[in-house]
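Okay, here's what each chain looks like letter by letter:
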2 protein chains.
Amino acid sequence: MPETVSTTETKPDGVAAPVPEKHMRCIVLSGFGGLKMVKVQKKPEIKPAEGQVLIRVKSCGLNFLDLMVRQGVLDNLPKTPLTMGFECAGEIEELGENAPDFAVGDRVIAFTDYTAWAEHVAVPVQYVYKMPSNMSYQDGAALPMHYLTAYVMLFDIGNLRKGQSVFLHSVGGGLGHAVCQLSKTVEDVTVFGTASSGKLDKLKDNVAHVFDHGTDYVQEVKKFSPEGVDLVLDSLCGEDTNKGISLLKPMGKYILYGSSSIVTGETKSFFSFAKSVSWWQVDKVSPIKLYDENKTISGFQLRQLVFHQRQHQYVRNVMNKLFQLYSQGKIHPVIDSTWAFEDVADAMQKMHDRKNIGKLILDPNLEPKPKSPPVQEGTKGSEAAEGEKEKEGEHSVNGE
Amino acid sequence: MPETVSTTETKPDGVAAPVPEKHMRCIVLSGFGGLKMVKVQKKPEIKPAEGQVLIRVKSCGLNFLDLMVRQGVLDNLPKTPLTMGFECAGEIEELGENAPDFAVGDRVIAFTDYTAWAEHVAVPVQYVYKMPSNMSYQDGAALPMHYLTAYVMLFDIGNLRKGQSVFLHSVGGGLGHAVCQLSKTVEDVTVFGTASSGKLDKLKDNVAHVFDHGTDYVQEVKKFSPEGVDLVLDSLCGEDTNKGISLLKPMGKYILYGSSSIVTGETKSFFSFAKSVSWWQVDKVSPIKLYDENKTISGFQLRQLVFHQRQHQYVRNVMNKLFQLYSQGKIHPVIDSTWAFEDVADAMQKMHDRKNIGKLILDPNLEPKPKSPPVQEGTKGSEAAEGEKEKEGEHSVNGE
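The rules behind these values
- Along each chain, residue indices are assigned from 1 in the same order as the chain's sequence is written.
- The order in which chains are written sets their letters, starting at A; the order in which ligands are written sets their numbers, starting at 1.
- Where totals are concerned, whole chains, interfaces and linings use all residues; where local detail is concerned, this predicted model gives features only for residues with pLDDT of at least 70, and gives and counts side-chain atom pairs only at 80 or more.
- Computation of side-chain values: all heavy atoms of the structure, hydrogens and water removed.
- Contact between two residues is taken to exist if any of their heavy atoms lie within 4.5 Å; hydrogens are not considered.
- Take the accessible area each of two parts loses on contact, using a 1.4 Å probe, and add the two losses: that sum is the buried area.
- For salt bridges, the criterion is a side-chain nitrogen of Lys or Arg within 4 Å of an Asp or Glu carboxyl oxygen.
- Asp, Glu, Lys and Arg are counted as charged, while Ala, Val, Leu, Ile, Met, Phe, Trp, Tyr, Cys and Pro are counted as nonpolar; the rest, among them Gly, fall into the polar class.
- The pairing criterion for strands is at least two bridges between them, as found by DSSP.
- Strands are runs of DSSP state E lasting at least two residues, helices are runs of H or I lasting at least four, and both sets are numbered from the N terminus onward.
- Think of each axis as a best-fit line through the C-alpha atoms, taken over the contacting stretch in the case of a helix, with angles from 0 to 180 degrees between the N-to-C directions.
- We call two directions roughly parallel when the angle between them is under 35 degrees, roughly antiparallel when it is over 145, roughly perpendicular when it lies between 65 and 115, and oblique otherwise.
- Ring pairs are drawn from Phe, Tyr and Trp, using the six-membered ring of Trp, whenever the two centres fall within 6.5 Å, and their geometry is named by plane angle: stacked under 30 degrees, edge-to-face over 60, tilted for the rest.
- Throughout this description, buried means an accessible area under 20% of the type-specific maximum (1.4 Å probe, protein chains only), exposed means over 50%, and partly exposed covers the range between.
- Geometrically, a lysine NZ or arginine CZ counts as sitting over a ring once it is within 6 Å of the ring centre and also within 35 degrees of the ring normal.
- Here the copies were fitted onto each other by least squares, based on C-alpha atoms from residues at pLDDT of at least 70 in both.
- Polar contact criterion, stated in full: a pair of N or O atoms within 3.5 Å, where within protein one must be able to donate a hydrogen and the other to accept it, and residues adjacent in sequence count only if both atoms are side-chain atoms.

A.B. asks: Mind showing me how you'd approach the interface of chain A and chain B here?
C.D. replies: As a measure of interface size, the accessible area lost when the parts come together is often cited. Residue-level contacts link 43 residues of chain A with 43 residues of chain B. Carbon and sulfur atoms supply 55% of the area that chain A and chain B bury against each other, a total of about 3,600 Å² over both sides. Per-residue buried area on chain A facing chain B is highest for Met-251, Pro-287 and Tyr-291 of chain A; these three make up 21% of the total on that side. Connecting chain A to chain B are two salt bridges. Residue classes in the side of chain A that touches chain B are distributed as 19 nonpolar, 15 polar and nine charged. In the sheet, strand E16 (residues 296-301) of chain A pairs with strand E16 (residues 296-301) of chain B via three bridges, with the strands oriented antiparallel. Each residue of the ladder has a partner; that of Ser-298 of chain A, found in E16 of chain B, is Thr-296 of chain B.

A.B. asks: Looking at this model, I keep getting lost on the packing of helix H3 (residues 144-157) of chain A against helix H12 (residues 312-327) of chain A. Mind explaining?
C.D. replies: When two helices pack together, their arrangement is given by the angle between their axes and by how far apart the axes lie. All names here are of chain A. Orientation of H3 relative to H12, taken along the N-to-C sense of each, is 100°, at an axis distance of 10 Å. Between H3 and H12, the angle is such that the two are roughly perpendicular. Residue-level contacts link Pro-144, Tyr-147, Leu-148, Tyr-151, Val-152 and Asp-156 of H3 to Tyr-314, Val-315, Val-318, Met-319, Lys-321, Leu-322 and Leu-325 of H12. A per-class count over the contact of H3 with H12 returns eleven nonpolar, no polar and two charged.

A.B. asks: What's the story with the packing of aromatic side chains in this structure? I'm lost.
C.D. replies: Enumeration according to the criterion identifies 14 aromatic pairs over all chains in this entry. Consider the rings of Tyr-151 of chain B and Phe-155 of chain B, whose centres lie 4.8 Å apart with planes at 70°: the pair is edge-to-face. Pair noted here: Tyr-151 of chain B and Phe-155 of chain B are both in helix H3 (residues 144-157), with a separation of four residues, about one helical turn. Each member of the pair, Tyr-151 of chain B together with Phe-155 of chain B, is buried. A ring pair is formed by Phe-211 of chain B and Phe-224 of chain B, whose centres lie 6.2 Å apart and whose planes are at 25°; its orientation type is stacked. With Phe-211 of chain B in strand E13 (residues 209-212) and Phe-224 of chain B in helix H6 (residues 217-224), this residue pair connects regions lying 13 residues apart in the sequence. Exposure remark for Phe-224 of chain B: the relative accessible area of 47% places this residue in the partly exposed category. Among the aromatic side chains, those forming a connected cluster through ring pairs are Phe-111, Tyr-127 and Phe-307 of chain A. The lysine or arginine in question, Lys-369 of chain A, covers the ring of Trp-339 of chain A, its NZ or CZ lying 4.0 Å from the ring centre.

A.B. asks: Can you help me understand the relation of the copies chain A and chain B in this one?
C.D. replies: What connects the two chain copies is a rotation about an axis and a shift along it. Mapping chain A onto chain B calls for a screw motion: a turn of 180° about the axis and a shift of 0.0 Å along it, with 0.0 Å RMSD after fitting. Classification of the inter-copy transformation places it as that of a two-fold axis. Comparing contact sets, 100% of the residues at the interface of chain A also lie at the interface in chain B, consistent with an isologous, same-surface contact.

A.B. asks: Help me understand the environment of Arg-107 of chain B in this model?
C.D. replies: Residues and elements named next belong to chain B. Within the fold, Arg-107 resides in strand E8 (residues 107-111). According to the relative accessible area criterion, Arg-107 is partly exposed, its value standing at 26%. When the C-alpha positions of Arg-107 and Thr-83 are compared, they lie 22 Å apart, and in sequence the two are 24 residues distant. Setting aside its immediate chain neighbours within four residues, Arg-107 contacts Gly-90, Tyr-129, Lys-130, Met-131, Pro-132, Ser-133, Met-135, Ser-136 and Tyr-137. Within the local environment of Arg-107, its side chain forms a polar contact with the backbone oxygen of Pro-132, the two atoms lying 3.5 Å apart.

Any link to function would need more than the numbers given here.
Here it is in structure tokens:
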């Protein structure tokens, strides 16, 4: 049963006195733009509404999507200031009315429509999943965006079977690891992928064949598998759709995926822009081409499925399968690094620079890193640092 | 080992004498057009080449595809005269060199690129499948075109799962029955379909909801399932692609299928025609639309897969699964009627008129039906008969 939490405190003498408002730390986006727009702020504590649970957050997942939110390149963004974050794990601290399946103290994962990066978050029960007892909060926070997406694409859309092959970009990121691990649950599946050149060596144990982002991957894959692959997972933006389709074997499936609908950095609709230029026309696919070639093209957008198409039960079933695979030791999120809320800008920079191998985690209880002293090598060092920050403002869609 | 069959006969006195050439009856298309172009002819007996087996044919399948061949509305048709037919079952009578997996006397199904409608057919071993001992030749001849197509679409492309739903047109035809039976091997699957009005009552046992061909099926389906269906199977020609996609649930799959690439009755390329008119543009699908709606579009063309993309082993694996399901009593072809070679025109007419429920079979050993006496009701009856023949010349693509 939910405990009633009073906003006043009763003193021994029986006289009620106002209590100072409690606060929680949140990562707030004050406006769309660069790293400086992201700040840790204190906000008043919240209460769970009906059908919600209040979670004390222990770990949050950082995704490429968060960089896109920060830059304002998504369709249908809420207004700033907003509390960022789409996934977290923690402990239930309070129940709203009508949350019968949960109890205070439950260790849970939450999939949120923003607001996950805070010490407390109130989440509707349909987006809350009880974690297996042997799962860490870090692992829990790493599951929703990457493992749900990977599972649905590989198995429910892709119908991956024994002896088949998969190609995806950015195989070194969180999603890449999820795809590799889930693919290994099927006998004799080969994974091809691209990654930044610095990561190639580190990924060779997980992936059959890794190519540098810059190479002609179609040619590279066909050296190993002249017929192509059974499944191509291509993160939005669509420039590579026909290239991806050309990489498919007969009966192959191309899946265009991403976290959200994106717009250009100038907040001009990506779609209306795309429709007006010729290269996009090329990428429209005739059903007759698919028919002549025995091929499939799919789109998958997890947040659309969860928050707009309201397929809660379906997503919960997939999450339960993931829990089972986790408990069997068949999947285990690869955590690149964990960061204090105050260091979120550094974490975002690392993701932008594609330097992470696996998942980036934010931890509200972690102490911030001591700030390093200013570089003492003349202007060169600070220029380089400045350049890096500027680069970070660029728009990239092939996120890891 | 193949026996050497001599074309000469040795007389007791040791003097070789020429033997009269042996003949076999075939159904030959003498030129593209109406029913009169289809004739039973005698041709010289054939021998199996290397890698082939010679089959004494017992049963042949008639498909809508054969009507399209006759009318010359397919791309890449061979020249006439040609022996028609794409599937048959019979007994191996002779082995060519290098056919190690077969023996004389084997009961087999053959999937052919034309030539199946004959007393003998020589088929490359990769398209020949040994039948289960409890399978009749009629059932064997009914499997390749319809059951392979249905199986691949439902399970390998569609990934049909418990509780899902399927919609297809012409649910009363051979493919419709295959889809219904195979769907029932998955728990709690609902099949929606259209059929000719005369068949609705007869199909209600097999199909959850059958609608008349003429109704607005999207509206009808949504009365029962407001969200739509999980799988739409739509036979080519593409007019209904967007309608079919609109019938999909989130995560739904639309499969455009057919037997071959078709052209218009005027032998003008359907595709170049289609590209030049605006309604076809509408049917091109943007990957972004699929992405926004979490949908899939696929094309499937069985003969392309088998004869051009050379996926023999894959198709053989599917056939083996069908044999297993047949032996378990889970699938059983519904035979509408069996016809003598000489009555092929009547069989084609019945298919064109959509009067069949299930598969039409041709049997080279069956006696032709006695020809009925001329109608004695003045000119009216013969006019009607003439009208029917003319109608038969029309081009229709939604075959059963």
